[in-house]
Each structure stands twice: as structure tokens, then as C-alpha cells.
Amino acid sequence: MIEKKRWIMLFLYCFLQWSGGSIWITFASITKKSESYYSIHAAVLNLFSLSFLIMQFPMAPLSSVLFRRSYYWTMMLAFVISVIGVWVRVLAERNVAIALLGQTLVGAMNSMTLPGCAVLAKVWFEEKERPITVAIASTSSLLGAAYGLVIAPYFQNIQNLLLSQAAYMTLSGILNVILSRNIKVVTEENTNFKLELRLAMKDKYLVILIILISSALGVAYAITGIIYQILEPFGITEKQSGWIGFSMYIGGTTGGLLTSIVVLKTKNFVNPIRIFAAFSIFGIGFWGALADFPIADVIGAGFCGLGLYGIMPLGIQAVVDQNRHVPESISTNMIYLIAQALSVVYTYPMVYFDSFAMVSGIWLGVGLCTLSFVLLIMIYREILIEKYKEVNESVASSMKSVLNVQVN
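Figured I'd write up the structure that's included with this text. Because the structure is a prediction, the values reported are computed rather than measured.

1. Considerations on the overall build of the protein
Broken down by element type, the protein carries 19 helices and 0 strands. Compactness check: the protein gives a C-alpha radius of gyration of 21 Å against a globular reference of 22 Å for 408 residues, within 12% of the reference. Dimensions of the protein, computed from C-alpha atoms along their principal axes, come out at roughly 65 × 45 × 40 Å. Looking at the 408 residues of the protein, the share that counts as buried comes to 57%. A sequence separation of at least 24 residues applies to 85% of the contacts in the protein between residues at least 6 apart.

2. Side note on the nonpolar core
Within the largest apolar cluster, 118 residues are counted, with the highest numbers of intra-cluster contacts made by Tyr38, Trp287 and Tyr380. Tallying contributions element by element places helix 11 (residues 204-225) first for this core, with 14 residues. Among residues more than four places away in sequence, those in contact with Tyr380 are Tyr205, Leu209, Phe269, Val270, Ile273, Arg274, Ala318 and Ile385.

3. Structural notes on unusual backbone geometry
Of note in the backbone geometry, Ser39 takes a positive phi value of approximately 55 degrees without being a glycine. Of note, Ser39 is situated in the loop between helix 2 (31-38) and helix 3 (42-54).

4. A short note on the packing of aromatic side chains
Throughout the structure, instances matching the rule amount to 22 aromatic pairs. Between Tyr72 and Trp73 the ring centres are 4.9 Å apart and the planes differ by 85 degrees, which places this aromatic pair in the edge-to-face class. Judged by its relative accessible area of 54%, Trp73 falls in the exposed class. An aromatic cluster is present here, built from Phe11, Phe15, Trp18, Tyr147 and Tyr168 joined pairwise through their rings. The ring of Phe125 has Arg6 sitting right over it, with the charged end atom 5.6 Å from the ring centre.

5. Some points on the environment of Ala118
Within the secondary structure, Ala118 is located in helix 7 (residues 116-124). Those residues within four positions of Ala118 in sequence are excluded, and the remaining contacts are Val134, Glu328 and Thr332.

6. Here we look at the side chain of Ser214
For Ser214, the position within the fold is in helix 11. The exposure class of Ser214 is buried, given its relative accessible area of 0%. Setting aside residues up to four positions removed in sequence, Ser214 forms contacts with Met334, Ile335, Ile338, Ala339 and Leu342.

7. So, the packing of helix 11 against helix 18 (residues 361-379)
The interhelical angle for the contact between helix 11 and helix 18, taken along N-to-C directions, is 155 degrees, at an axis separation of 9 Å. Taken together, helix 11 and helix 18 sit at an angle that is classed as roughly antiparallel. Like other packed secondary-structure pairs, helix 11 and helix 18 cross with a definite hand, here left-handed. Between helix 11 and helix 18, the residues in contact are Tyr205, Ile208, Leu209, Leu212, Ile213, Ser215, Ala216 and Val219 and Gly365, Leu368, Cys369, Ser372, Phe373, Leu375, Leu376 and Ile379, respectively. Of the residues belonging to the contact of helix 11 with helix 18, the class tally is 13 nonpolar, 3 polar and no charged.

8. Examining helix 7
With 7 of its 9 residues buried, helix 7 lies for the most part within the structure. For helix 7, the complete set of buried residues consists of Gly116, Cys117, Ala118, Val119, Leu120, Ala121 and Trp124.

9. With respect to the state of the cysteines
Note: disulfide means a covalent bond formed between the sulfur atoms of two cysteine side chains. This structure, assessed with the given rule, holds 0 disulfides. A disulfide-free cysteine, Cys117 has its sulfur positioned 9.5 Å from the sulfur of Cys14, the nearest such atom. Not part of a disulfide, Cys304 finds its nearest cysteine sulfur in Cys369, a span of 6.5 Å.

10. Description of a nonpolar patch on the surface
A contiguous nonpolar surface patch, about 360 Å² in accessible area, is contributed by Leu371, Val374, Leu375 and Met378. With a relative accessible area of 38%, Val374 lands in the partly exposed category.

11. Some points on the packing of helix 14 (residues 270-289) against helix 18
For the pair helix 14 and helix 18, interaxial distance at closest approach is 9 Å and the crossing angle is 165 degrees. In terms of orientation, helix 14 and helix 18 fall into the roughly antiparallel class. Read as a crossing pair, helix 14 and helix 18 show a hand that is left-handed. Contacts between helix 14 and helix 18 involve Ile273, Arg274, Ala277, Ala278, Ser280, Ile281, Ile284, Gly285, Trp287, Gly288 and Ala289 from the first element and Ile362, Trp363, Gly365, Val366, Cys369, Thr370, Phe373, Val374, Leu376 and Ile377 from the second. A breakdown of the residues in the contact of helix 14 with helix 18 according to their chemical character gives 15 nonpolar, 5 polar and 1 charged.

12. Quick notes on the environment of Cys117
With respect to the helices and strands, the residue Cys117 is situated in helix 7. Along the primary structure Cys117 and Val134 are separated by 17 residues, whereas in three dimensions their C-alpha atoms are 5.4 Å apart. Sequence-distant contacts of Cys117, that is, excluding residues within four places in its chain, are made with Tyr13, Val134, Ala137, Ser138, Ile316, Thr332 and Tyr336.

13. A closer look at helix 16 (residues 311-322)
Between its terminal C-alpha atoms helix 16 stretches 16 Å, which fits the 16 Å expected from 12 residues at 1.5 Å a residue. The buried count for helix 16 comes to 12 of 12 residues, which makes it a mostly enclosed element. Every buried residue of helix 16 is accounted for by Ile311, Met312, Pro313, Leu314, Gly315, Ile316, Gln317, Ala318, Val319, Val320, Asp321 and Gln322.

Analysis parameters
Residues numbered from 1 in each chain as written. Predicted model: local features only at pLDDT ≥ 70, side-chain atom pairs only at ≥ 80, totals over all residues. Heavy atoms only, no water. Helix = DSSP H or I, 4+ residues; strand = E, 2+ residues; numbered from the N terminus. Rg over C-alpha atoms; globule rule 2.2 N^0.38 Å. Buried < 20%, exposed > 50% of the residue type's maximum accessible area, 1.4 Å probe, protein only. Contact = heavy atoms within 4.5 Å. Core = buried A, V, L, I, M, F, W, Y, C linked by side-chain atoms within 4.5 Å. Phe/Tyr/Trp six-rings, centres within 6.5 Å; stacked < 30°, edge-to-face > 60°. Lys NZ or Arg CZ within 6 Å of the ring centre and 35° of its normal. Axes fitted to C-alpha atoms, helices over the stretch in contact; angles between N-to-C directions. Parallel < 35°, antiparallel > 145°, perpendicular 65-115°, else oblique. Left-handed = near helix turned anticlockwise from the far one by under 90°. Nonpolar A, V, L, I, M, F, W, Y, C, P; charged D, E, K, R; others polar. Disulfide = S-S within 2.5 Å. Patch = residues over 30% accessible without salt bridge, like charges linked within 9 Å, V, L, I, M, F, W, Y side chains within 5 Å. Areas by Shrake-Rupley, 256 points an atom, 1.4 Å probe, with all protein chains shown as cover. Salt bridge = Lys/Arg side-chain N within 4 Å of Asp/Glu carboxyl O. Expected span 1.5 Å × (residues − 1).

If you want it as C-alpha cells, here you go:
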């Protein structure tokens, strides 16, 4: 029975993330149609996708606290507020401010539950099952975004598009209430959120790894959020941009599952991370070089997604393994927080890169990814991994001893 329950819980998490992913990317492939509907400029329209990324700032620390208390009730809260958010968008009709409020509610819950993939794996699954669980859970939003990019241009009426999204988000909420189950989690003694956060901040090697992995992931988030605006100068239509984005996300899902299977078999993160880092540079470079051709865009976006999004679950597992004294929710949140913060920073420079540099914004992404991944390949080595794991043990023991003395 427990075996069946754990897969139901995984399905429910994936349904929420899938729905959120499709809503995040709602207007990315239909920029012109959306500008006309809301009577706003694309620069303002981008706030709908950026709201998901911006909400990571307040929600990341909150989610770490809430998931420590209860995975079940945190997810229940996320479902309820997400359902409210999608119906606010529908009822807002052409009112931009109210529609953006509804979008922000969904974005806040999406940001809050992103690190839940690692928490879900720890709470419901055995250790040997966790890599593939994290891969499935963390890439479910990519499948949702892939669906959202492809389907949006085929809706003639934006209100109908919003209504369809409200319908399946509501369905996911109803299924969660019916099928979701609580489980008592035995926590380790003397756990302390502030202590664990300090341990993460003191581990400079861990922080550097997270920044480098997040930097390239931020490029992927930024590109997909403005994909039509980047590709429009090449004569790409909205429908074509949807399929190009779809290819990127399918590549990302495939890469994420592949990296997790590799980790499951080898129990080693070094070579897989190096391979996918190199492949990421090749993928986005190939895309940038051939962006003039729609078919090449589809292939290049697929390669780019395979690398950039494919490294995501691998990176999550790597940083969780690097410091076992830092909970999964904190280390995973740090990856998403930095990635989404950087994607906000990258978005507008990528949109306008073509105007002042005379080349596609994709090439700005190529430069950022190359810098991040070359540095990652240089520092992610067995000798440094083991060295800093030993340092972590010493620092954790020292800080816990001081805490015990203070408590007593």
C-alpha cells in the first residue's frame, strides 16, 4: 500500500508543477496577441513570466520553514492558493493589474514548492529511488511549459486559454484533496533551521557550485520566458516559437531523466556534470549559430534544453550530496533562488541585445553559459569534493557543540 501511495504523491506534485509550468509561460509564444488583448507593451507583458521568478525571493526562505514543518500541509496550501490565482486571472479579463495579481499568486506557490521535489523524495522514497524521483519531479514543470508554449498560439481567444488553465489547475487541486496522504516524519534531534542555514553559508565551496549551476539554469529560464521576442527578428512566427520552445523543454526532460539514471548507476556526479556542462555549451552555441533556420532552431533548442535543463536534477543531487548537514529544502531552494534571480537580470538584456550588439540575445546566453560551465568543470573535482566534505564535518560538529552548550 505504501508503494502505491508514494507514486500517487509523486503524481500530485508533478501535476501541480506541470500546471504551474504551463501558466508561467502563458504569453511567451503569443506576445503580439497578448499585447493586443491587454493593451500593453511587451516590456510590461514580460512581468507575467517574471512574476514567477521574482516571487522566488520571498518564497524560498518561507518554503524551507514550511517544508520542515509539514510537506503535506505545505502542498495543500500551494494547491488552494494556485486555484484561487488562476480564477482571479479569468475574472480579471482585460484588467492587467488584477490579472497580474492572479499570476503572481500562482507564481508564489510555484516558487514555494520548487524545492519540494527533494523533500518529497526524502519523505516518501527510499534512498536508492531518490535520484530518479527528483528527476521526474523537477522536470515536470518543464513538460508543463512545453505544453503551454505549443498550445497557446492555437487559442484564438486568450480568455479561453486562461479558462482552460483554470480548469486543469482546479482539477489538480481537487485530486490533491482526495488523494493526498499525510505521513509522520521522524526528524533528527537538535535540528535547527538557523544553524543549517549558517552551515550552508559557511560552506563556500557549496555556494560556488550552486552559483555556477544556477547561472546557466537562469539563462534557460530567461530564454524560454521571452522565446518569441528573441526569435522574432529571424522571421519566426508565434506558432513556430511555441514548437521551438517545446523542443527545448522535451530536450530538458530527456536530459534530466538521463542524468538521474546515470547517477543511479554510477553513484558519481563528477563525470556526468562535466559531460552535460560541455554539451550545454555546444547545444546553445549550435542554436545561436543556426537561429536563422526554423528546423535548425528546433534541433538547436532541443540540444540546448538537453544540456541546460538536463543538468538541473543532476546539480540538485550533487549539492545535496556535497553537504549532508544542509537539508534538501535549503540547498535546492538556493539553486532555484539564484537561478531565477539571475534569469530576471538576464531577461531584458537578452531582449534588447539584438538592438545594441547586432546579434541575437541567444549569443549573450552562450557567453554566460560558457563562463559558468568552464569554471564549474575546473573546480568540480574529486580532490576538492572530498576535501570540503571533511571540512563540512568539522564545521558542523563545532557549530552543533556550541549550540548544545548554549542550550544547556
